[in-house]
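Now for the letters of each chain:
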Amino acid sequence: MTSAPHGPAGEVLHRIEGGVSWITLNRPEAMNAVTWDQRERVIALLGEADADPAVRAVVVTATGKGFCAGADLRGAPATPGERVAGDVARMIRLGAQRLITAVLDCEKPVIAAVNGTAAGIGAHLALACDLVIAAESARFIEVFVRRGLVPDGGGAYLLPRLIGPQKAKELMFFGDAVPAAEAARLGLVNRVVPGEELEATARAWAERLAQGPTRALALTKQLVNASLDGGRAAALAAEATAQEINMTTADANEGVASFVERRPPKYLGR
């Protein structure tokens, strides 16, 4: 199943195969710098993945040599009149932060297949995903300092949780490019593969997730994400509640039954 191309020349490609929603940024001539229209489309597709029981995993990737070179503000709705205090904060809340939040809050597991440079909001789009597979040619750049800007799109929230505050500050203070192998060593990336193997690796992981207990995965994602923001008591209470909810699902019953009957489980995502 493939949706119609969206925007000029199909700037976001979309297809659903084997229970996996493939979201592909498609502006290779601009290193996939994300436009207002693309951002809104990606947010909408993540929302559709949430609501569609036939979708059980998501892959975010891109065409060409760049994953996403940051934000391209061309094509954004014009702001009438003089800028006033609050305009920039509102733009960030409604723009970059909504994109990253859509990934973090998606109930389906999201894989980033990073084919090239991921800079600025592009890096944060990748790092907000649950699993990150990078081509050997990929690079991650906290480019904001090069422009005299503060990191946005959740960068100062995401990076310290992935690699600790000291290393996060180093990346954000200097804005140096981090090659894929170094990103893997730091813990930003799960796996690095040759570029020609990127799509196949992402497909294998996504299809494996798509055959899993979808609701249990959603609850697990929520628990892990929330654990980084709260204390032990809250985490253990959330864990107990999540297990209570999960035990009402068909997949939980199937998982237990398959163990007792010594056979592979057949999960339906319900």
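This text gives an overview of the structure that appears in the document. Note that the structure is a prediction, hence the values are computed from the model and not measured.

## A closer look at helix 11 (residues 250-260)
Argument step 1. Every buried residue belonging to helix 11 is among Asp251, Ala252, Glu254, Gly255 and Ser258, and all of these are buried. Burial along helix 11 is one-sided: seen end-on, the buried residues are contained in an arc of 160°.
Argument step 2. For helix 11, the elements touching its buried residues are helix 9 (214-227) and helix 10 (232-246).

## A closer look at the packing of helix 5 (residues 155-163) against helix 6 (residues 165-174)
Argument step 1. For the pair helix 5 and helix 6, the least separation of the axes is 7 Å and the interaxial angle reads 130°. Taken together, the axes of helix 5 and helix 6 are oblique relative to one another. Helix 5 and helix 6 meet at a crossing whose hand is right-handed. Contacts between helix 5 and helix 6 involve Gly155, Ala156, Leu159, Pro160 and Ile163 on the former and, on the latter, Pro165, Lys167, Ala168, Leu171 and Met172.
Argument step 2. Partitioned by chemical class, the residues of the contact of helix 5 with helix 6 number 8 nonpolar, 1 polar and 1 charged.

## Considerations on a nonpolar patch on the surface
Argument step 1. A cluster of nonpolar side chains, contributed by Met247, Val256, Phe259 and Val260, occupies part of the molecular surface with about 440 Å² of accessible area.
Argument step 2. Within the secondary structure, Val256 sits in helix 11.
Argument step 3. Residue Val256 is classed as partly exposed on the basis of its relative accessible area, which comes to 47%.

## Comments concerning the sheet that holds strand 6 (residues 117-119)
Argument step 1. Pairing is mixed in the open sheet, where 4 strands are placed in the order 4-6-8-9. Two strands bound the open sheet, and with one partner strand each, they are strand 4 (66-68) and strand 9 (177-179). Shown here is a sheet whose adjacent strand axes are inclined to one another by a mean of 20°, direction ignored.
Argument step 2. As defined by bridge partners, strand 8 (residues 139-141) adjoins strand 9 across 3 bridges and the pair is classed as antiparallel. Bridge pairing in strand 9 links Arg139 to Pro179.

## Considering the nonpolar core
Argument step 1. Residues Leu46, Val58, Phe67, Val114, Leu125, Phe140 and Leu188 are the most contacted members of the largest nonpolar core, which totals 49 residues.
Argument step 2. Those residues in contact with Leu46, other than ones at most four positions away along the chain, are Ile23, Val58, Ala102, Val103 and Cys106.

Conventions used here
- Residues numbered from 1 in each chain as written.
- Predicted model: local features only at pLDDT ≥ 70, side-chain atom pairs only at ≥ 80, totals over all residues.
- Heavy atoms only, no water.
- Buried < 20%, exposed > 50% of the residue type's maximum accessible area, 1.4 Å probe, protein only.
- Helix = DSSP H or I, 4+ residues; strand = E, 2+ residues; numbered from the N terminus.
- Arc of directions from axis to C-beta.
- Contact = heavy atoms within 4.5 Å.
- Axes fitted to C-alpha atoms, helices over the stretch in contact; angles between N-to-C directions.
- Parallel < 35°, antiparallel > 145°, perpendicular 65-115°, else oblique.
- Left-handed = near helix turned anticlockwise from the far one by under 90°.
- Nonpolar A, V, L, I, M, F, W, Y, C, P; charged D, E, K, R; others polar.
- Patch = residues over 30% accessible without salt bridge, like charges linked within 9 Å, V, L, I, M, F, W, Y side chains within 5 Å.
- Areas by Shrake-Rupley, 256 points an atom, 1.4 Å probe, with all protein chains shown as cover.
- Salt bridge = Lys/Arg side-chain N within 4 Å of Asp/Glu carboxyl O.
- Pairing = 2+ DSSP bridges.
- Core = buried A, V, L, I, M, F, W, Y, C linked by side-chain atoms within 4.5 Å.

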